[in-house]
There are 2 protein chains.
Amino acid sequence: MCFRGKMLSMLALLLMVLTGNVNGVALFEATERNCTLSPPYLPSTTVNSSLQLRELREHMLVSNISAYIIPGTDAHMSEYIGPRDARMAFMTGFTGSAGTAVVTPGKAALWTDSRYWVQAERQMDCNWELQKDVSISSIAEWLISDVPNGGQIGFDPFLFSLKTQEDYAMSLESSNRSLKSMPGNLVDQVWKDRPPISPDSLIRLPDRVIQRSWQMKVEQIRNQMKENPYQPTALLLSALDETAWLFNMRGNDIPYNPFFYSYTLLTMDEIWLFLHTERVTEELRVYLNASCSGPLCVQLKSYDAILDHLKEYVRRPGVKVWIGTEYTNYALYEVIKSQDKLLSSSYSLVLTTKAVKDDTEQRILRDAHVRDAVAVMQLLMWLEKAVPTGKESELSASAYVNHCRSKQKDSRGPSFETISASGPNAALAHYSPTVESNRKLTVDEMYLVDSGGQYLDGTTDITRTVHWGSPTAMQKEAYTRVLMGNIEISRTIFPSGTRGANMEMLGRRALWEVGLNYGHGTGHGVGNYFGVHEWPVGFQSYNIPFREGMFTSIEPGYYKDNDFGIRIEDVAVVVPYHTNYGHNYLTFDTVSLVPYDRKLIDITLLSPVQLQWLNKYYETIRRLMGPELDRQGLHEEKSWMLRHTKPLVQSGSFSYVHSSSPTLVTLAVAVLYNVAL
Amino acid sequence: MCFRGKMLSMLALLLMVLTGNVNGVALFEATERNCTLSPPYLPSTTVNSSLQLRELREHMLVSNISAYIIPGTDAHMSEYIGPRDARMAFMTGFTGSAGTAVVTPGKAALWTDSRYWVQAERQMDCNWELQKDVSISSIAEWLISDVPNGGQIGFDPFLFSLKTQEDYAMSLESSNRSLKSMPGNLVDQVWKDRPPISPDSLIRLPDRVIQRSWQMKVEQIRNQMKENPYQPTALLLSALDETAWLFNMRGNDIPYNPFFYSYTLLTMDEIWLFLHTERVTEELRVYLNASCSGPLCVQLKSYDAILDHLKEYVRRPGVKVWIGTEYTNYALYEVIKSQDKLLSSSYSLVLTTKAVKDDTEQRILRDAHVRDAVAVMQLLMWLEKAVPTGKESELSASAYVNHCRSKQKDSRGPSFETISASGPNAALAHYSPTVESNRKLTVDEMYLVDSGGQYLDGTTDITRTVHWGSPTAMQKEAYTRVLMGNIEISRTIFPSGTRGANMEMLGRRALWEVGLNYGHGTGHGVGNYFGVHEWPVGFQSYNIPFREGMFTSIEPGYYKDNDFGIRIEDVAVVVPYHTNYGHNYLTFDTVSLVPYDRKLIDITLLSPVQLQWLNKYYETIRRLMGPELDRQGLHEEKSWMLRHTKPLVQSGSFSYVHSSSPTLVTLAVAVLYNVAL
């Protein structure tokens, strides 16, 4: 699944303005609010926000604050949030995945990026102004102009990252407006029917998908803590996948993400797990060894007790708490920092340890991709037949692939909302179809499908772009160059510890040669039944260096506004590569196993080495998918797979020989001659 | 010229231990001090440091400090320093280009990196301990153990960068040892025969090498200051090439660098130039319009007046001084910061403006490379004939190329000490021959020569590696892969604004494929009669993005310890590239014009595109160097050049076709067949 730069923010994408269904412009105008009319025009999709605004302002008055900031995230800095954390949506009506709302006694404003401007105009009433520059300095500027001199700006420190707090503080510096950290969220006090915590019990992963028990992981982490020269005495786990990973447990609190609300404080001789204890079954208590207080006993504490417990811990003499600054909220950071007992790194020790998969995790994550490829092949095969009938659409294709995945062993639903995009809709890198935008699939347009599954053994994420009719020369060229980018990264050999950011241009280079490019990142980590974007692995500048056993997506693309979109995304694992002279060299092994659209590949653009890579990949698909399709009795799918993985042959000419050397030209002609015979 | 990561520091190179002349091990032992003997053994190369140490300690006592730090740099954070700034060398005897000395009442220690350990053992007496971990945290650790609790550590703030001060402050935090900023260098008070300022007059560049007069540059910079949203009122220029560039002036205060000691404070309506005013001739005063005080009058001030003048300026209400933090010393920073009137960026506006050459600068810098190539070709041609006679050495080759350059028009001497290295000496990336290490040149060893010239119109820097006998297969493979790296960077097409760090791996990729690598950076900016390392252009992570008109070296390498070293370095200019679909794409155009050693190129490793690039480059050499060699009447050199730039042809087989596809193999066989006919 493609993603935007640093946690969904990349300026280049600001240029991609939501243009919507080209057949529905007239309709669009009527679906958006018009606050300049009197009375304002409000479509039926808007939410009346007057009541919640009035009540929030009452609370603000009591708290003596002149503004209140409502971020779109949760206390764990999660990329996806649970319904009970959708405070911004509750206040504004706007349900997009990124944004910040601010309320003052007289005004209310929402900041969101270009992907969501139309949606915001459809969902918000005229109590809210829409602001388009999402930088914190721009929000601060707005605050300075609306908050009186000396006024206080309230925020919930559980919903601010360290960086967010720092950015606001810096932008407000010397403005004589101060930030007020206010634990106890004001929106929650207004939100009467706020969704409760899911009553579902948490689960432990079955032994067959586990190599390291939680006790082994705890020991591994403690050993690494001991090795740290700064001698931390405790590790605070804040990101939801950190606790889930450590205890081999999962939950269902966040859509598409098998996480549960939790924190962990791990010391050398104690383990405190903060969660909703009523969801822990007796069996789980036994599993966690929860009735004792020794070094391998998990002491269960209420989720809400984390702040007080942490305060108590840092009061102890000689302690030092290690946090990862990217996922720790400001409320917890404040407690440790004020006692000067902090050790920080960008990512916690658990996140960097989790990034390297053990043998079992590698094996089962590969397995999950084999089953996942069955579902994607079923979709592509079905589309080949169904699209020409003219009855299928982005939504029906999306439903079909979800259905195919659900039939696979250990399926746990999609890993994100399927991006099923035809023609111009695919030029919007983050498009997912809605009833309004839904486009019929036809043989005249390109189609992009970016989808993934959750399985008990792994998370998948794959994008294929296809054309069922006659692609234009430009579409073929762009597709082939995107594919070349994918291949160039996949086949590259590099020393262990090389950063993805230093190789990322290989994914763009073939596009750059003809003046094409794309405005999103080139890959992100994936994990075993976790979030589909598993940082800190990937190709961004803030990602950690590649080591053997890491999994990452590789996903270059190209988007032509109002016309079409191309993305080719595979997941690959970092594996050792034996070189003649050196040690510790690595390369990628692609674990996604679905062939590319042959119709869109201009073989003459590929170098011999690229073609060789491609044919070897197709051999791998045949070797791994053939038996699986047989096992599932999917004969038609197998024929489809064999047809689509036939070796590609550069025929007619060695067109990659662009040499001006007369001898080479002679040779190329000689080859032509031979082929013609 | 190759360089170490961030201003001569790259950990990888710590591994490159100076191993010296393999024939001279026994000799080496006797040339180093032995402080464990009683009395200590001191070779004749050591300097007796007792007197200066005693006197410095007396001054320290008076100043009430428990330690004094003596950095190896000057007040402008220069890479090369003038003799009067060689305070570390005066105190220790050690003359290496990188290091830090620290003196306490009872101890004295020098920190330098692995390149210089042997040299330090030869030059220092036993008053000094040699410390090998050059990190500031390691120096601080040593200070904490030797300085009593509550003690003060003195330093000259003119010799500390902001970063150095910050690093010491952080490392000493909560140690109860404090830093004491002490303007008025203590070493200078001890150094009786400190070299004076050169009495030579400064020069202005002739009009023929200038497109923009200093008045135009001042206007250009002021316009950019106006555009800055933070509204700076003044720009402080600290790096020596900043002032030299702004006024189109040069001096001779630093070996190999045509700089003069200076600062500039530029405001919207005044220009203050701080320098040794006695060196400014009447003609220069007229040129600088130095007798008035308007916006385009240069008010000359004494070099030493900068601190007081800056203090006075920042006392004015409403001013804001823009500095580049990389080259501003802590003494000046302190003054501005304490008044809260600072605007900072890593590099000053002048450095980033200077990085993009204007049309004239581009043209004359290309011209300088044409003349420079004549000298390098003369060297290579001469070596081909002279080496087999067995009479030539690293030193004689170095002298020869310097001599050849000196005969070229507008020559102003070498741009750095020539690296002339044979066999194992070349495995030391920063080796320059000395009388002790000097190695005879033979047809049995590889030879690396990295040299450059200063010309009135440009600075050059080029490395060629050759073999006059029969290179081994491994030497050929390594050389060819280094060349492939050079070509891959040179031919790459990229959007304007791409960072060098994001393309740098192209220089390593062919090496990585077989497990080879190198431990230095891949390129640095060069300028018009300036320092040979002209930051901030280059391929390091801290370099600025590439734009049209920038010049950079491209210099991958490979070093086999105790055996040989390879580096291929060219200078290239960033030029526009017309693409089919996009705008603002760039590529490199190589301006160094000396052919590579054909004997070392394994053509079968090159891709057709690489071979095409190489032959096109050779055509360019013929086109540009032929007329120049004719003009200089160098007929033998012209034949040599034509012989060495014959088109390279891939014969015998398409060995780059590694495909396992049966059809491709068939085609390759077919080609072979045709060739055999």
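As a reminder, the structure under discussion sits directly above these lines.
Now for a look at the structure at hand. (Residues numbered from 1 in each chain as written. Chains lettered and ligands numbered in written order. Predicted model: local features only at pLDDT ≥ 70, side-chain atom pairs only at ≥ 80, totals over all residues. Heavy atoms only, no water.)

Things to note about the packing of helix α14 (residues 359–386) of chain B against helix α19 (residues 635–644) of chain B
All names here are of chain B.
At step 1: Packing of α14 against α19 brings their axes to within 10 Å, and their N-to-C directions diverge by 85°. Classed by the angle they form, the pair α14 and α19 counts as roughly perpendicular. For the pair formed by α14 and α19, the contact residues are Met 377, Gln 378, Leu 380, Met 381, Glu 384 and Lys 385 on the first element and Glu 636, Glu 637, Trp 640, Met 641, Arg 643 and His 644 on the second.
At step 2: Grouping the amino acids of the contact of α14 with α19 by side-chain chemistry returns five nonpolar, two polar and five charged. (Axes fitted to C-alpha atoms, helices over the stretch in contact; angles between N-to-C directions. Helix = DSSP H or I, 4+ residues; strand = E, 2+ residues; numbered from the N terminus. Parallel < 35°, antiparallel > 145°, perpendicular 65-115°, else oblique. Contact = heavy atoms within 4.5 Å. Nonpolar A, V, L, I, M, F, W, Y, C, P; charged D, E, K, R; others polar.)

Re the sheet that holds strand β22 (residues 551–554) of chain B
Residues and elements named next belong to chain B.
At step 1: Strand order across the open sheet formed by four strands is β21-β26-β25-β22, with antiparallel pairing between neighbours. Strand pairing shows two members of the sheet lacking a second neighbour, β21 (494–495) and β22, which therefore form its edges.
At step 2: For strand β25 (residues 570–577) and strand β26 (residues 585–590), the ladder comprises six bridges, and the chain directions are antiparallel. Opposite Tyr 577, over in β26, you have Tyr 585 as the bridge partner.
At step 3: Packing of helix α16 (residues 473–491) onto the sheet brings it into contact with β22, β25 and β26, and relative to β26 it is tilted by some 135°. (Pairing = 2+ DSSP bridges.)

Let's talk about α16 of chain B
At 3.6 residues per turn, the α-helix brings residues three or four places apart onto the same side.
At step 1: Taking 1.5 Å as the rise per residue, α16 of chain B with 19 residues should run 27 Å; its terminal C-alpha atoms sit 26 Å apart, in good agreement.
At step 2: Among the 19 residues of α16 of chain B, 16 are classified as buried, and the element is accordingly described as predominantly covered. (Expected span 1.5 Å × (residues − 1). Buried < 20%, exposed > 50% of the residue type's maximum accessible area, 1.4 Å probe, protein only.)

Some words on the state of the cysteines
At step 1: Going through the model one piece at a time under the given rule, you end up with four disulfides over all chains.
At step 2: One disulfide in the model links Cys 292 of chain A with Cys 297 of chain A; its S-S distance is 1.9 Å. Torsion about the S-S bond of the Cys 292 of chain A and Cys 297 of chain A cystine: about -105°, corresponding to left-handed handedness.
At step 3: Taking relative accessible area as the criterion, Cys 297 of chain A reaches 7% and is therefore assigned buried.
At step 4: A sulfur-sulfur separation of 1.9 Å characterises the disulfide bridge that pairs Cys 35 of chain B with Cys 126 of chain B. The disulfide joining Cys 35 of chain B to Cys 126 of chain B has a torsion of about -90° about its S-S bond and is therefore left-handed. Highlighted residues: Cys 35 of chain B in the loop between α1 (25–31) and α2 (50–63) and Cys 126 of chain B in the loop between α4 (117–123) and β4 (129–131), separated in sequence by 91 residues.
At step 5: Counting only the cysteines that take part in disulfides, in the order they occur along chain A, gives the pairing 1-2, 3-4. (Disulfide = S-S within 2.5 Å.)

Focus: the packing of helix α18 (residues 608–631) of chain B against α19 of chain B
Residues and elements named next belong to chain B.
At step 1: α19 packs onto α18 with a crossing angle of 175° between their chain directions and a minimal axis gap of 10 Å. Taken together, α18 and α19 sit at an angle that is classed as roughly antiparallel. Along its contact with α18, which presents Tyr 618, Ile 621, Arg 622, Met 625, Gly 626, Leu 629 and Asp 630, the element α19 presents Glu 637, Lys 638, Met 641, Leu 642 and His 644.
At step 2: Taken together, the residues of the contact of α18 with α19 sort by class into six nonpolar, two polar and four charged.

Observations concerning the pairing of strand β5 (residues 152–155) of chain B
Residue and element names in this part refer to chain B.
At step 1: Taken together, the three bridges between strand β1 (residues 67–71) and β5 define a ladder with parallel strand orientation. In the sheet register, Tyr 68 faces β5, and the bridge partner there is Gly 154.
At step 2: Bridge count for β5 against strand β6 (residues 178–181) is four bridges, and the pairing is parallel. Following the sheet pairing, Ile 153 is matched in β6 by Leu 179.
At step 3: Read from β5 through helix α6 (residues 162–172) to β6, the crossover connection turns out right-handed. (Right-handed = clockwise from strand over helix to strand, strands pointing away.)

The quantities given are spatial measurements derived from coordinates; they are silent on function.
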